[in-house]
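Take a look at the letters that make up each chain.
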Amino acid sequence: MSAPGIGKEPHIALPDLTSVSKLPKPIKAVVYLIIMSVLTVAAIGALMATIAIIGQLSGAFDIFRLLG
């Protein structure tokens, strides 16, 4: 007896870059802009977390005092 869902195709799948390259140029540009914006937000979040951790460890500022 097998577990339910094994061997079935997933309902939601992320597109790979080869399928994006087959799109028309304006839609491809929008997809790449969305990817770049997501990466930019992730990079800014990582930078802010790094600054907060360094500030907390060095004693430059107290995060909990700023939040509360």
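Residues numbered from 1 in each chain as written. Predicted model: local features only at pLDDT ≥ 70, side-chain atom pairs only at ≥ 80, totals over all residues. Heavy atoms only, no water.

## Overview of the overall build of the protein chain
Looking only at helices and strands, the protein chain has three helices and zero strands in total. Start at the N end of the protein chain and walk to the C end: the helices and strands fall as α-α-α. Each of the 68 residues in the protein chain was classed as buried or not, and the buried ones make up 3%. By element, 75% of the accessible surface of the protein chain is carried by carbon and sulfur atoms, the whole surface being about 6300 Å². (Helix = DSSP H or I, 4+ residues; strand = E, 2+ residues; numbered from the N terminus. Buried < 20%, exposed > 50% of the residue type's maximum accessible area, 1.4 Å probe, protein only. Areas by Shrake-Rupley, 256 points an atom, 1.4 Å probe, with all protein chains shown as cover.)

## Quick notes on a nonpolar patch on the surface
Taken together, the side chains of Leu17, Tyr32, Ile35, Met36 and Leu39 present a nonpolar region at the surface, about 490 Å² in accessible area. Take methionine 36: it is sitting in helix H2 (residues 25-58). (Patch = residues over 30% accessible without salt bridge, like charges linked within 9 Å, V, L, I, M, F, W, Y side chains within 5 Å. Salt bridge = Lys/Arg side-chain N within 4 Å of Asp/Glu carboxyl O.)

## Remarks on the UniProt feature "transmembrane region" (unreviewed entry) in the protein chain
Summarizing the sequence annotation, UniProt attributes the feature "transmembrane region" (unreviewed entry) to residues 29-55 in the numbering used throughout. The span residues 29-55 carries 100% helix and 0% strand; its end-to-end C-alpha distance comes to 38 Å. (UniProt positions renumbered as here; feature names shortened; annotations may be inferred.)

## A short note on the confidence of the model for the protein chain
In the predicted model, the protein chain carries a mean pLDDT of 83, and the fraction of residues at 70 or more is 82%. The spread of mean pLDDT over the elements of the protein chain runs between helix H3 (residues 63-67), the lowest at 74, and H2, the highest at 92. (pLDDT = per-residue confidence, 0-100.)

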